[in-house]
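Structural overview
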Amino acid sequence: MTAPPPLPARSPRRPPRRLLAPLGLLGLLGLASPAGAVHIALVYHSVGHSAEPAARAGGGVTLGVDPETLRRRVLRLRGEGYRFVTSSEAARVPPGTEKTTSLRFDDGFESVYLLAYPVLRELGVPGTVYPIWERVGQPGYLTAAQLDELRAAGWEIGSHTRTHAALVDLTPRRLAQELEPPAGAVSEGGCLAYPFYLQDARVRRAARAAYPCAVAGTFGVRGEAHALPGPLASPWDDWLLPWRGPLGADLRLPAVLAGTGLGALGPGDAPVAAPTLWNPAAHELLGSGLFSLSWAGGVRDTRLLWRGGQWVLGLNLLRGGASYSGGTLAYHVGGPLTVAGGYGSAGPLGAVALALGGYGEVWARALPGSVVLGAEVLPADYLRLRAEYDLFAATGRAEGSYALPLRPGEGRPLRLLAGYDGHPYAGAALRVGAHTAALTARLDRPAFGVRVQTAW
């Protein structure tokens, strides 16, 4: 909540601040944009916007499509030369060799059987359904008999986990339990769909042990079987599909680009300071990417991480009461080790991180005049602790968050925060899907901070 302490005075050769963000974005888009033929995944939940009481009463956001719109989009893609496949078939098609598309239905609403199945059966198109196993047979959800009928008709049955918990909040034992489907329920070769599109390296390792493929959200990582792209559908897909499909993106793309551009605005002539609670070698607790924007103590902090395989590209910007502009490149060497290097307003930096067997990671970063040790760990389900200590400045920061046991089927969206950055503070966060908004307040005097984040 307070501005980060300035680094020791020096006169580094600063990167051109106005060019750093655009160059970084060009690099990110280069990672995101494949060449040649690509796969388009259309992701829906319920079918028929008003006919799904389960979707409205504790079953999550609808993200629905009406049957005629579904028919129109199928015919359009077929007319453009796309072949319809299931999720696991899409994972087996070599990238860039064929134009394919898949229809994915998450959560297992009964309207998929009642409204989508007749349309797709008439058109000769298979779908892939991802049930939440504890909800099978409940009112508004698919029954076991309906799943068997879909399977017999050529549909693929994947898994959306046992209870629809947010997997990134779970320790290894609970994570393994959540990923285990009922015996014989998943089609041979069927994929996992991560709830809320949230995953990290721990979750991907657990998924690899149980499934041949797994679908994430938004951009995913092209060619990575356990982080396959799955952009959200939108009401505007009738005209967005020509660019949304090949890019593998959804409506978060313009938001991320605009937010990163916003982070670069403003003078960068305040005292140079490194971002706080910052691990440049992040890997163990990172999905396919992350964007965050926060404001506290007069400082605007913008962060962007983008993963491509074992590489992670990072962009950090501070404006307001402190300034920093820098980029990092991290590489997961293998096993528990990740290393990183970069350059920014404070000069060159290096970092290293070690994974803790599925419970988080410890890390160290070094800049001129600063060596910081830190950790981010999950000691229990839904509890996350972060801390760092600067050996030179003899200062530390820490923050903990806990997801309250409310609406567990929606990933326990309400979280409490408490931390210390030279002054105590507390707050609350609301996570909806992969998006989080938080409000914090200092406990020693009236001062507030806000944060927004989206992950994929």
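Look above for the structure.
This write-up is about the structure you can find in this document.

1. Quick word on the nonpolar core
Leu70, Val74, Leu103, Phe105, Leu120, Leu150 and Tyr194 are the most contacted members of the largest nonpolar core, which has 49 residues in total. Elements that contribute at least two residues to this core include exactly β1 (39–44), α3 (67–79), β3 (100–107), α5 (110–123), α6 (144–152), α7 (172–179) and α8 (201–210). Looking at this core, the element that brings in the most residues is α5, giving seven residues. Apart from the residues lying within four places of it in its own chain, the contact partners of Phe105 are Tyr44, His45, Val47, Leu70, Val112, Ala116, Leu120, Thr128, Val129, Tyr130 and Trp155. In terms of nonpolar packing, the next biggest core, distinct from the first, is built from 11 residues, Val272, Leu318, Ala322 and Ala346 among them.

2. Side note on the pattern of salt bridges
This model, assessed by the stated rule, comprises 20 salt bridges. Note that Arg104 and Asp106 form a salt bridge whose closest N and O atoms lie 2.9 Å from each other. Both residues of the pair, Arg104 and Asp106, count as buried. Arg202 is paired through a salt bridge with Asp200; the nearest N and O atoms lie 3.3 Å apart.

3. Considering the state of the cysteines
Simply put, disulfide is the name for a covalent bond between the sulfur atoms of two cysteines. Enumeration over the complete set of coordinates arrives at one disulfide. Shown here is the disulfide that connects Cys191 with Cys213, its sulfur atoms set 1.9 Å apart. The sign of the -85 degrees torsion about the S-S bond sets the Cys191-Cys213 disulfide as left-handed. With Cys191 in the loop between α7 and β6 (192–193) and Cys213 in the loop between α8 and β7 (214–215), this pair connects stretches of sequence that are 22 residues apart. Across the pair, exposure class does not vary: Cys191 and Cys213 are buried alike.

4. Digging into the packing of aromatic side chains
Applying the stated rule across the entire model yields eight aromatic pairs. Plain terms: the ring middles of Trp306 and Trp456 are 5.4 Å apart, the flat faces sit at 65 degrees to each other, and that makes the pair edge-to-face. Here Trp456 lies in the segment after β21 (448–455) and Trp306 lies in strand β9 (residues 299–308), a separation of 150 residues in the sequence. Comparing Trp306 with Trp456, the two get one shared label, buried. A ring pair is formed by Trp311 and Tyr331, whose centres lie 4.5 Å apart and whose planes are at 45 degrees; its orientation type is tilted.

5. Focus on α7
When we look at burial in α7, the residues that qualify are Leu175, Glu178 and Leu179. For α7, the angular spread of buried residues about the axis comes to 95 degrees, placing them on one side.

Cut-off values and rules
Residues numbered from 1 in each chain as written. Predicted model: local features only at pLDDT ≥ 70, side-chain atom pairs only at ≥ 80, totals over all residues. Heavy atoms only, no water. Core = buried A, V, L, I, M, F, W, Y, C linked by side-chain atoms within 4.5 Å. Buried < 20%, exposed > 50% of the residue type's maximum accessible area, 1.4 Å probe, protein only. Helix = DSSP H or I, 4+ residues; strand = E, 2+ residues; numbered from the N terminus. Contact = heavy atoms within 4.5 Å. Salt bridge = Lys/Arg side-chain N within 4 Å of Asp/Glu carboxyl O. Disulfide = S-S within 2.5 Å. Phe/Tyr/Trp six-rings, centres within 6.5 Å; stacked < 30°, edge-to-face > 60°. Arc of directions from axis to C-beta.

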